[in-house]
Amino acid sequence: MTDRVLIVDDEPDIRELLEITLGRMALETASAKDLQSAKELLTKENFDLCLTDMRLPDGDGIELVEHIQQSHSHMPVAVITAHGSTETAIKALKTGAFDFVSKPVDLQKLRDLVTSALRLAKQHSEEKPDAQSNTASANSIQGKSQKIEVLREQIGKLARSQAPIYISGESGSGKELAARAIHQQSARANMTFVAVNCGAIPAELMESELFGHLKGSFTGADSDKQGLFQAANGGTLFLDEVADLTLQTQVKLLRVIQEKAIRPVGSQKEISVDVRLLSATNKNLAAEVEAGNLRQDLYFRINVIELNVPSLRQRKEDIPELAGHILARIAKENGASPCKLNEDALAALNAYSFPGNVRELENILQRAATLSEDNLIRSENLEFIRTPAQASEADRNGESNDFFVKGSDVDLDEDFSLEKHLENIEVNAIKKALEETRWNKTAAAKKLGMSFRSLRYRLKKLGLD
């Protein structure tokens, strides 16, 4: 069955251009010159996509977007904006528009937009009534708490748009998992998902990593290199720790978002790219703008819609399910039977604040599974960490220190890594046991309260064997 597109524009020349372009894509079209005519056509006929100008004689495109969201929510709608009208485009995306294209219309960009939108419409029409819940369970976001249910619902809605999304949340809370879920439920699900940690790439290499470079463009450029935007073309690019980008790179990223084209280092030509941009950071973006570390215009472009991922302490009722899922995965990776938590261990997990969120829970359970005997994790197998502030509060309240690692006061500066810190604690404990037993592994394992097999596994994993 041929897909049908509704074109809404008061200029006959624009309508004709769009009709010819879409006709060459083997699509059927119908046209309306104003808002009222468009609404009448939507009542009488079925369409798979709507393209509307922002300025109409009897209203604007935003009103039509809102109408379609209410009465035809399955149908993507894209808006045509005046060149450089950034605020209008952002408003349309926040209202629920799938995407936008600027005048004068770039026909290739229009074709890419239409292809993506129709792919989404087809995906929706093929879904079964319970498809959304099935997809949600498949994207590995574990939990049944209200906050997680709200998160899943938001992800389902955001996946139906092309709007840039800013994912906020604490470190280790699952921001990349949310980004992957958006990609998996979008029209780009069959294309590439590329994730990059902007804070992990040296500033002098960031431009080359994002946009690519040509051979000879700088010292060490021995061959042409494809950038991450090109690698994600047709799919989704997730920029984690986006606030760590230099101001120079931010300027170029802003242009890519606006023009949907990149210019590799050393090249004089721009290359069109079709990428859905998702970004995240555990920093306060508004504060970064205030401090001059983030351009305000870039802030408004990447923060069109914000998705907040709740911390683990905000959804503690999900800990049992999360723990079971993590332990099952650990067992599968090690080719062993899954460990289980006894009541005391589960109570210890529920009593802990998890400053490192789900990532910290994974580290704790990984270590506990190794130290446990008989596939049963007890409270004494769990090792937690606390900040100096938490230690002081516990002392004031007379709380037990049994659930915390002794001597674990740490300086949580910008370079702090919970995973690395916990690994260092483990390495030091194992080294000390080996030294005290003169590197007798059997005796060291006994001293550490673990089996010889568990110690051997840890030595190999930590590179100590």
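Residues numbered from 1 in each chain as written. Predicted model: local features only at pLDDT ≥ 70, side-chain atom pairs only at ≥ 80, totals over all residues. Heavy atoms only, no water.

> What should I look at first to understand the overall build of the chain in this one?
Looking only at helices and strands, the chain features 20 helices and 16 strands. Relative to its 465 residues, the chain shows a buried fraction of 47%. When contacts within the chain are restricted to residue pairs at least 6 apart in sequence, those whose partners lie at least 24 apart make up 70%. Accessible surface, the chain as shown: approximately 23,600 Å² in total, 46% of it carbon and sulfur. (Helix = DSSP H or I, 4+ residues; strand = E, 2+ residues; numbered from the N terminus. Buried < 20%, exposed > 50% of the residue type's maximum accessible area, 1.4 Å probe, protein only. Contact = heavy atoms within 4.5 Å. Areas by Shrake-Rupley, 256 points an atom, 1.4 Å probe, with all protein chains shown as cover.)

> Help me understand helix α7 (residues 146-158) in this model?
In an α-helix there are 3.6 residues to a turn, and that puts residues three or four apart on one side. With 13 residues, α7 should cover 18 Å at 1.5 Å per step; its first-to-last C-alpha distance of 18 Å lies within 8% of that length. The complete set of buried residues in α7 reads I148, L151, R152, I155, G156 and L158. (Expected span 1.5 Å × (residues − 1).)

> How do you make sense of the confidence of the model for the chain when you look at a structure like this?
Reading fine detail from the predicted coordinates is not recommended where pLDDT is low. In the predicted model, the chain carries a mean pLDDT of 84, and the fraction of residues at 70 or more is 89%. Across the chain, the secondary-structure element scoring lowest on mean pLDDT is helix α6 (residues 131-138), at 42, and the one scoring highest is strand β10 (residues 236-240), at 95. Long-range and interchain partners of residues 387-392, a stretch whose pLDDT sits below 50, account for 8 contacts in this model, where long-range means more than four residues apart. Segment residues 398-408 is flagged for pLDDT under 50; beyond a separation of four residues in sequence, or across chains, it makes 18 contacts in the model. (pLDDT = per-residue confidence, 0-100.)

> Please clarify how the packing of aromatic side chains should be interpreted in this entry.
What characterises a pair of aromatic rings is the spacing of the ring centres plus the angle enclosed by the ring planes. Tallying each qualifying case throughout the model produces 6 aromatic pairs. The aromatic ring of F100 is capped on one face by K260, whose charged end is 5.2 Å from the ring centroid. (Phe/Tyr/Trp six-rings, centres within 6.5 Å; stacked < 30°, edge-to-face > 60°. Lys NZ or Arg CZ within 6 Å of the ring centre and 35° of its normal.)

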